[in-house]
Amino acid sequence: VHRRVRGDRQGLGSPLNASLPLVQTASGLLLDSQDRMLLGLRASWKRVWPNVWDAIGGHLEPGESVEMALARELDEERGVTPTAYQLIGSFPGSRADLYGEALHHVFAVTAWTGGQPSNVCDEHSEIRWFTLEEVLALTPTTGFDFAHLFDLAKAARREVCAARYPRGAASAVSLAWATSSTEPM
């Protein structure tokens, strides 16, 4: 029996079992004030999607909500705590034949505490900010359409700003606030 345990390298190199129960993940697409998205290059030792660019996140632990998992994963992997985020979609895994059934909950994260995100664990060999143009040219990646997710994340940021500054003031006020903030919006 194969177990999926966060951070556990047990079974590295052994075949994956597609009969495992549905795995759920929570991932954050951090957006900065320069319209860049933070992605991580998954470590070579990872059994699932090694050496590919991906959103920052991981498996839900028993009894954990997707929001709790998002906050835990961003803290464990990047040293930041999300303070403004919105679910932009839940997507089935693209390689069930290889990695088993999965459901990935993806959030736009537009503000956080803890300073500049850094690579504080060994889950990713590298992290980097990407513009939309760079995302379009990025290979290799997991099965996500990051260009589409980038657009959804930017739309979510606009919705968060509009909720904070209703009645037309959102565009001017939120743009000024977002570009002057040390913690991106």
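Our structure's up above, just so we're on the same page.
So, a few notes on the structure that sits alongside this text.

Pairing is possible between side chains that carry opposite charge, provided their charged atoms lie close to one another. All chains considered together, the criterion is met by eleven salt bridges. A salt bridge links Asp 54 to Arg 42; the nearest nitrogen and oxygen atoms lie 3.7 Å apart. Here Asp 54, found in strand S3 (residues 53–54), pairs with Arg 42, found in strand S2 (residues 37–42); they are twelve residues apart in sequence, far enough to count as distant. Per residue, the accessibility class of Asp 54 equals that of Arg 42, and both read buried. Residues Glu 61 and Arg 72 are paired through a salt bridge, measuring 3.6 Å at the closest nitrogen-oxygen approach. You can see Glu 61 sitting in the loop between strand S4 (56–59) and helix H1 (66–78) and its partner Arg 72 sitting in helix H1, a full eleven residues away along the chain. Overall, Glu 61 belongs to the partly exposed group, its relative accessible area being 35%. Classification of Arg 72 by relative accessible area gives buried; the value is 14%.

Time to look at H1. In this model H1 runs 17 Å from its N-terminal to its C-terminal C-alpha over 13 residues, within 8% of the 18 Å that 1.5 Å per residue would give. Within H1 the residues assigned to the buried category are Val 66, Ala 69, Leu 70, Arg 72, Glu 73, Leu 74, Glu 77 and Arg 78. Where H1 is buried, its residues meet strand S1 (23–30), S2, S4, strand S5 (81–92), strand S6 (102–113) and strand S7 (124–130). Just downstream of H1, Gly 79 is the residue with a positive phi angle, here 75°.

With that out of the way, let us pick up unusual backbone geometry. Working note: non-glycine residues mostly have negative phi, and peptide bonds are mostly trans. Non-glycine residue Asp 35 carries a positive phi angle of around 60°. Residue position: Asp 35 is located in the loop between S1 and S2. A positive phi angle, near 60°, is found at Asn 51, a position not held by glycine. Within the fold, Asn 51 resides in the loop between S2 and S3.

What follows deals with the sheet that holds S6. Spatially, four strands are ordered S4-S1-S6-S5 in an open sheet, and the strand pairing comes out mixed. The open sheet has two edge strands, S4 and S5, and neither has a second partner. Taking the axes of each pair of neighbouring strands and ignoring which way they run, one obtains an average angle of 20° across the sheet. As paired strands, S1 and S4 are joined by four bridges and run antiparallel to one another. Considered in S4, the bridge of Ala 26 is made with Gly 58. Most of the contacts of H1 go to S4, to which it runs at about 120°, and overall it touches S1, S4, S5 and S6. In the packing of helix H4 (residues 146–164) onto the sheet, contacts are made with S1, S5 and S6, and the angle to S5 comes to roughly 135°.

Looking at soluble globular proteins, one finds that nonpolar side chains tend to be buried together. Formed by 19 residues in total, the largest nonpolar core has its most connected members in Leu 29, Met 37, Leu 39, Ile 88, Phe 146 and Leu 149. Those elements giving two or more residues to this core turn out to be S2, S6 and H4. It is H4 that contributes the most residues to this core, five residues altogether. With residues up to four places along the chain from it excluded, the contact list for Leu 149 reads Leu 29, Ile 88, Phe 91, Val 106 and Phe 144. Of all hydrophobic cores here, the second largest spans 14 residues; its members include Ala 26, Leu 30, Leu 70 and Ile 127.

Cut-offs used in this document
Residues numbered from 1 in each chain as written. Predicted model: local features only at pLDDT ≥ 70, side-chain atom pairs only at ≥ 80, totals over all residues. Heavy atoms only, no water. Salt bridge = Lys/Arg side-chain N within 4 Å of Asp/Glu carboxyl O. Helix = DSSP H or I, 4+ residues; strand = E, 2+ residues; numbered from the N terminus. Buried < 20%, exposed > 50% of the residue type's maximum accessible area, 1.4 Å probe, protein only. Expected span 1.5 Å × (residues − 1). Contact = heavy atoms within 4.5 Å. Pairing = 2+ DSSP bridges. Axes fitted to C-alpha atoms, helices over the stretch in contact; angles between N-to-C directions. Core = buried A, V, L, I, M, F, W, Y, C linked by side-chain atoms within 4.5 Å.

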